[in-house]
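# Topology and contacts: notes
In case you want the letters, here they are:
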Amino acid sequence: MKIGFLYNHEQIHQVLHSAPIAFEMSRLHPDIEVRLIISSDTQFRALSALARDYPDQRCHWIRITLPPSVGWLCSRLSGCIPVEKVVMLKANAARLADLDALVVTEKTSLMLKSHFELSNLRFIHTRHGAGDRDIGFDKNSGKFDLVLLSGRKIRDRLLAAGQLRNGHYAIAGYPKFAAVHALEKRPLKLFDNDRPTVLYNPHCSSELSSWYKFGQDILEYFYHSDKYNLIFAPHIMLFQKRLQASLHSWHLRAPGTIRKKHLSCEHMHIDTGSLSSTDMSYTMTADLYLGDVSSQVYEFLMKPRPCVFANPGVAGWEDDPNYLCLKFGPVLDRIEQLDETLEKGFARHQHYLPVQKRNFAYTFDNNQVNPSLRSVRAIVDYMHKEVAWPAQTIPGVSGFNQAISEGL
């Protein structure tokens, strides 16, 4: 059997959502040829860093590329339009034709089935993130042969949307937690002071990100602050494109640039795209989360702490499941409220703690088994329908559970 894990994205933020599954599968099932299919040097470096923590993994590493005739044009257009992903799929479809299954973290790859003649290939979706935005529950979510889910929240919403079929999904937990545990991530010491540290983590969506309404003012507030440190680590795609477009509501916005004085400020740490911005280094370090709709707030709540949300202008969010996370802390609608709302976030955390804990448990399922191993089992069971699973193939259970209970 040949199972591929495809990485075909402009950045590395989706790597940790499936790579731990690939490494565990190759280690536990030498009868399966596991291929890591990589489309960039940054993906290779991120995967290599994680692979060191799986020394007995047996994955085959494959690099796919764009034809030289279109590579230059795609690189220019991708600053505004994600054309490179689609061209990469079309150019390399033949190299994927001998696979039995392809594991992906996103939905663009479904074009291999619908447009590029790989209709016999089984498509397995690990998803990436466990947030609340409606795009995570659209009709494309139901087009996979197998969907791996982090917990009951994702299952319930996909079932309600009619996007799951019996026998074609499994609750497997959140493999990224296993990856972070494997990498032995710990809180960072970024500042030479004892101030509380705030993580500002706006999404990249041109429609829903607080960056376009509040971002520069928030950075300016922290630049002048003598109370807080700031980690500014937005969604890694925010500054990846010159223009951010939303086809859902026809928004088109330019993220702009960060001022030099903010970049050089001693109590501000700005990271717009390193591995640390994707591997929970900052969510584990900060004392308070300031965001909008990014699913990273759920990763932050592995260890419940104060949260504050900047509403970019969404009306009626209180009863909308697409903005469930905004119930985890105070919400500000005007930049003038920022100082007061931050103080309220710290002071009233006990008020929000029950809803934080309840929704973390609803979002992530922890059934005493490492989620990467649960995902391997779900995939192999699906591919074989019936498979003998030796007990020794589920190691490290107690260690992983202890890490989760202690916030890694």
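Before reading further, recall that the structure is shown in the block above.
Below is a summary of the structure that appears in this document. (Residues numbered from 1 in each chain as written. Predicted model: local features only at pLDDT ≥ 70, side-chain atom pairs only at ≥ 80, totals over all residues. Heavy atoms only, no water.)

Before going further, it helps to spend a moment on the sheet that holds strand E1 (residues 2–7). Whenever strands of a sheet pair, they do so through backbone hydrogen bonds, lying parallel or antiparallel. An order of E3-E2-E1-E4-E5-E6-E7 is seen for the 7 strands of this open sheet, with the pairing classed as parallel. Sheet topology places strand E3 (60–63) and strand E7 (169–171) at the edges, where each strand pairs with a single neighbour. Averaged over all pairs of adjacent strands, the angle between strand axes in this sheet comes to 20 degrees, irrespective of strand direction. As judged from the 3 bridges shared by E1 and strand E4 (residues 101–104), these two strands associate in the parallel manner. Bridge pairing in E4 places Phe5 opposite Val103. Relative to E3, helix H2 (residues 41–51) is tilted by about 170 degrees, and along the sheet it contacts E1, strand E2 (33–38) and E3. (Pairing = 2+ DSSP bridges. Helix = DSSP H or I, 4+ residues; strand = E, 2+ residues; numbered from the N terminus. Axes fitted to C-alpha atoms, helices over the stretch in contact; angles between N-to-C directions. Contact = heavy atoms within 4.5 Å.)

Once that is clear, we can look at the pairing of strand E6 (residues 146–149). Alternating residues of E6 divide into Leu146 and Leu148 and Val147 and Leu149, and every residue in both groups is buried. Bridge count for strand E5 (residues 122–125) against E6 is 2 bridges, and the pairing is parallel. From the neighbouring strand, Ile124 faces E6, where its bridge partner is Leu146. In terms of strand pairing, E6 meets E7 through 3 bridges, oriented parallel. (Buried < 20%, exposed > 50% of the residue type's maximum accessible area, 1.4 Å probe, protein only.)

Between helix H8 (residues 211–224) and helix H11 (residues 338–347), the least distance of the axes is 11 Å, while the angle of their chain directions is 75 degrees. Between H8 and H11, the crossing angle belongs to the class labelled roughly perpendicular. In contact with Ile218, Tyr221 and Phe222 of H8, H11 contributes Leu338, Asp339 and Leu342. Broken down by class, the residue content of the contact of H8 with H11 amounts to 5 nonpolar, no polar and 1 charged. (Parallel < 35°, antiparallel > 145°, perpendicular 65-115°, else oblique. Nonpolar A, V, L, I, M, F, W, Y, C, P; charged D, E, K, R; others polar.)

Here we take up the pairing of strand E13 (residues 288–291). Taking every second residue as pointing to the same face, both faces of E13 are buried, with Leu288 and Leu290 on one and Tyr289 and Gly291 on the other. As judged from the 4 bridges shared by strand E8 (residues 197–201) and E13, these two strands associate in the parallel manner. The residue bridging Tyr200 from the neighbouring strand is Leu290, located in E13. Two strands pair when backbone bridges link them, and E13 and strand E14 (residues 307–310) are joined in this way by 3 bridges, in the parallel orientation. Note that in E14 the partner of Gly291 across the bridge is Phe309.

All right, on to the nonpolar core then. The biggest cluster of nonpolar side chains holds 62 residues, and the ones touching the most others in it are Ile3, Phe5, Phe23, Phe222, Leu290 and Ile379. It is H8 that contributes the most residues to this core, 7 residues altogether. Those residues within four positions of Phe5 in sequence are excluded, and the remaining contacts are Ser18, Ile21, Ala22, Met25, Val34, Arg35, Leu36, Ile37, Leu102 and Val103. In this structure, Val293, Phe300, Val355 and Phe364 belong to the second largest nonpolar core, which totals 32 residues. (Core = buried A, V, L, I, M, F, W, Y, C linked by side-chain atoms within 4.5 Å.)

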